[in-house]
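# Topology and contacts: notes
One-letter residues, chain by chain:
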Amino acid sequence: MIGQALAAVLLLLFTVVAFAGTPPEAADERDEETGNFIDRTHQAWSRRVTALGVMLDRLFGGEDFIPDHSSYIRTRSTLLLREQGSDLEFRLRARVTLPNTERRLSLILESEDDHRFDRAAGPEPAPPALLRSSGDSGFTAGLRYLKDLSDAVNLDVDAGVRLRRALPDPFVRVRLGRSFYPGAWEVRPSEELYWREHRGAGARTVLLVQRPLPGPRFFRAVSEYDWVYRERRAYLAHDFIVTHQFDPLHAVQANIGLRGETDTTRLESWFVNIGWRRNVYKNWLFVELRPEVLFERERDFQGEPRLFFTLEAYFGDMPWPKTEG
């Protein structure tokens, strides 16, 4: 089953790469028709996503209606290869922004873990969370309230329901963050209070420190302290990331991460990986390869080599540049 899925994913990737790399003057009429069909299909879906945001904005925004095109759908298929076998995972995330509502609401639909380490970064590589999350996966539907309290301070409030094993799990979350800019650095602490039916109340503190480096490189360090009241323990994470950007849609990223818990006050795992990511068709289809070595306490910190292969597609408005290739 995994072998068939891998063959299908690789066949799709090679087909797309071959088509994207063919010069227009060398393409025959059939290839041109196929490309036009792919473009028309993608554009149609993008218009539908954007139109849904416009429709809901018109419904909630009253007479002061101004269209906004920041709604999108992202689909992501990730294949994990390791010594024990293979795993294939499909995820979906959709956001419909309602910018003219009085309270700046966004509708969020996603099949992703609600965790910062499972957030892709558009054209930049993103550390995969496959088989590294706490098992808190499911489908989420909710509303998000966003407000900029000042140029450097913002507030967001989420409320919704997550389906976990077909059971509803309501949640509420309030997060406040502020940025400071000492020189070329950005230092951004944020505090979050949350409540979930299955997990109870908790508090999460995140410290983000980042700055540009000489050349097209960028450094980021992220530290997180997540206290779960019901469990009487905290989960800790530290990531150190350096990204080198070849162009707006092509980058490579090195990541060293550590994970721990406070009930035993010890390191549970650490990993090092390097991710390469680029567009393989226009500005909406991306591929990412990320080899990794994982060291876990339960394996006496013996290195486990792993390889992540991700194929990701965006529909809707993208904030990065358009391209013809």
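Residues numbered from 1 in each chain as written. Predicted model: local features only at pLDDT ≥ 70, side-chain atom pairs only at ≥ 80, totals over all residues. Heavy atoms only, no water.

Moving on, we get to the pairing of strand S4 (residues 139-148). The side chains of a regular strand alternate between both faces of the sheet. With six bridges joining them, strand S3 (residues 105-110) and S4 adopt antiparallel strand pairing. Its bridge partner being in S4, Ser-106 is matched across the sheet by Arg-144. Strand direction decides the pairing type here: S4 and strand S5 (residues 153-164), joined by ten bridges, are antiparallel. Opposite Lys-147, over in S5, you have Leu-155 as the bridge partner. Between S4 and S5, which pair antiparallel and follow one another directly, the connecting turn spans four residues. (Pairing = 2+ DSSP bridges. Helix = DSSP H or I, 4+ residues; strand = E, 2+ residues; numbered from the N terminus.)

Turning our eyes to something else, we now look at the packing of aromatic side chains. Counting across every chain of the model gives five aromatic pairs. Taken together, a centroid distance of 6.2 Å and an interplanar angle of 85° make the contact between Trp-185 and Phe-219 edge-to-face. Note that Trp-185 is positioned in the loop between strand S6 (167-178) and strand S7 (186-196) and Phe-219 in strand S9 (residues 217-228), a separation of 34 residues in sequence. What makes Trp-185 partly exposed here is its relative accessible area of 32%. (Phe/Tyr/Trp six-rings, centres within 6.5 Å; stacked < 30°, edge-to-face > 60°. Buried < 20%, exposed > 50% of the residue type's maximum accessible area, 1.4 Å probe, protein only.)

So, on to the side chain of Glu-288. As for its position among the elements, Glu-288 is in strand S13 (residues 285-296). Owing to a relative accessible area of 4%, Glu-288 belongs among the buried residues under this scheme.

Where strand S11 (residues 250-261) meets strand S12 (residues 266-281), twelve bridges bridge the pair, whose relative direction is antiparallel. Bridging from a neighbouring strand, Ala-251 pairs with Arg-277 of S12. Counting the residues in the hairpin turn of S11 and S12 gives four residues, including Thr-265, whose phi is positive at 50°. Here ten bridges tie S12 to S13, and the two strands are oriented antiparallel to one another.

Here we take up the pattern of salt bridges. As a working rule, side chains carrying opposite charge can pair if their charged atoms are close by. In the structure shown here, the tally under the stated rule is 21 salt bridges. With a shortest N-O distance of 3.6 Å, Arg-82 and Asp-87 are connected by a salt bridge. The class for Arg-82 is partly exposed, based on a relative accessible area of 29%. Put simply, Arg-266 and Glu-268 hold a salt bridge, and the shortest N to O gap is 2.9 Å. The class for Arg-266 is partly exposed, based on a relative accessible area of 38%. Residue classification places Glu-268 among the partly exposed positions, given a relative accessible area of 22%. Put simply, Asp-156, Arg-175, Glu-192, Arg-199, Arg-204, Glu-224 and Asp-226 are held in one network by salt bridges that share partners. (Salt bridge = Lys/Arg side-chain N within 4 Å of Asp/Glu carboxyl O.)

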